[in-house]
Amino acid sequence: QVQLVESGGGLVQAGGSLRLSCAASGRSFSSAAMGWFRQAPGKERELVAAISWSGRNTYYADSLKGRFTISRDNAKNTVYLQMNSLKPEDTAVYYCAARGERYYSTEHREYDYWGQGTQVTVSS
């Protein structure tokens, strides 16, 4: 029902910025809450940010507030994650996810569709 394709990952120096994009296709994108997760080697997948279907409600991990911004453009079927002031500990594979609800969840099991992931590497 919803297919997700991520882009924008890469190598960046500490203090730099990247913007990740998630292009969605399907019948119900505008009604789906979206989330960005990340997973570093040997660590559990964690929620970075989430956004409701309208874009008016957002969630951020406490350690990332003020550095990361999630947004969506339903007319373009795209979700973004702007990452500023990047740190080496931000290095991970970042995944875009969608759930068939208008409000987001903080639990990865409650998301129904996933992108392939995009690697973000921050050098010191």
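Residues numbered from 1 in each chain as written. Predicted model: local features only at pLDDT ≥ 70, side-chain atom pairs only at ≥ 80, totals over all residues. Heavy atoms only, no water.

## Structural notes on the overall build of the chain
Let me state the cut-off plainly: Numbered from the N terminus, helices here are DSSP runs of H or I no shorter than four residues, and strands are runs of E no shorter than two. Between the two quantities, the radius of gyration covers C-alpha atoms and the globule rule is 2.2 Å times the number of residues to the power 0.38.
Looking only at helices and strands, the chain has zero helices and eleven strands in total. Scanning the chain from its N terminus toward the C terminus, one meets helices and strands in the order β-β-β-β-β-β-β-β-β-β-β. For 124 residues, the compact-globule estimate of 2.2 N^0.38 gives 14 Å, and the chain sits close to it at 13 Å. C-alpha atoms of the chain, sized along the principal axes, occupy 40 × 30 × 25 Å.

## Quick notes on the environment of Ser-123
The condition is simple: The classification of residues rests on relative accessible area computed with a 1.4 Å probe and restricted to protein chains. Under 20% of the type maximum is buried, over 50% is exposed, and intermediate values are partly exposed.
With respect to the element layout, Ser-123 can be found in strand E11 (residues 118-123). We classify Ser-123 as partly exposed; its relative accessible area is 27%. The spatial distance from the C-alpha of Ser-123 to the C-alpha of Ala-14 is 5.7 Å, given a sequence separation of 109 residues.

## What about the pattern of salt bridges?
To be explicit about the condition: A pair is scored as a salt bridge if a Lys or Arg side-chain nitrogen falls within 4 Å of a carboxyl oxygen belonging to Asp or Glu.
Within this structure, the stated rule accounts for five salt bridges. A salt bridge links Asp-90 to Arg-38; the nearest nitrogen and oxygen atoms lie 2.9 Å apart. Linking Asp-90 in the loop between strand E8 (78-83) and strand E9 (92-99) with Arg-38 in strand E4 (residues 33-39), this pair joins segments that are 52 residues apart in sequence. Exposure class is identical for Asp-90 and Arg-38. Each is buried. The shortest N-O distance in the salt bridge between Asp-90 and Arg-67 comes to 2.8 Å. Remark: Arg-67 occurs in the loop between strand E6 (58-60) and strand E7 (68-73) and Asp-90 occurs in the loop between E8 and E9; sequence separation between them is 23 residues. One salt-bridge network, held together by shared partners, links Arg-38, Glu-46, Arg-67 and Asp-90.

## Here's the deal with the side chain of Arg-72
Test applied: This count recognises Lys and Arg as positive and Asp and Glu as negative, with His and chain-terminal groups excluded. For the purposes of these results, a polar contact is taken to be a pair of N or O atoms within 3.5 Å, where, inside protein, one atom must be able to donate a hydrogen and its partner to accept one; residues adjacent in sequence count only when each atom of the pair is a side-chain atom.
Relative to the helices and strands, Arg-72 resides in strand E7. Lacking a salt bridge, the buried Arg-72 has Asp-73 as its closest oppositely charged neighbour, with an N-O distance of 8.3 Å. For Arg-72, the side chain forms a polar contact with the main-chain oxygen of Ala-32, separated by 2.7 Å. Only 2.8 Å separates the side chain of Arg-72 from the side chain of Asn-74, close enough to count as a polar contact.

## Here we look at the packing of aromatic side chains
Here the distance between the centres and the angle between the planes together describe a pair of aromatic rings. Operational definition: Only Phe, Tyr and Trp rings are paired, with Trp represented by its six-membered ring, and only when their centres lie within 6.5 Å; those with planes under 30 degrees apart are stacked, over 60 edge-to-face, the remainder tilted. Put simply, a charge is over a ring when the Lys NZ or the Arg CZ is close to the ring centre, within 6 Å, and near the line of the ring normal, within 35 degrees.
The full count for this structure, using the stated rule, is six aromatic pairs. Between the aromatic rings of Tyr-103 and Tyr-104, the centroid separation amounts to 4.5 Å while the plane-to-plane angle is 20°, which identifies the pairing as stacked. Taking the relative accessible area as the measure of exposure, Tyr-103 reaches 45% and is therefore partly exposed. Cluster of aromatic residues (ring-pair linked, three or more members): Phe-37, Tyr-95, Tyr-111 and Trp-114. Its guanidinium or amino end placed over the ring of Tyr-95, Arg-45 lies 4.0 Å from that ring's centre, counting from NZ or CZ.

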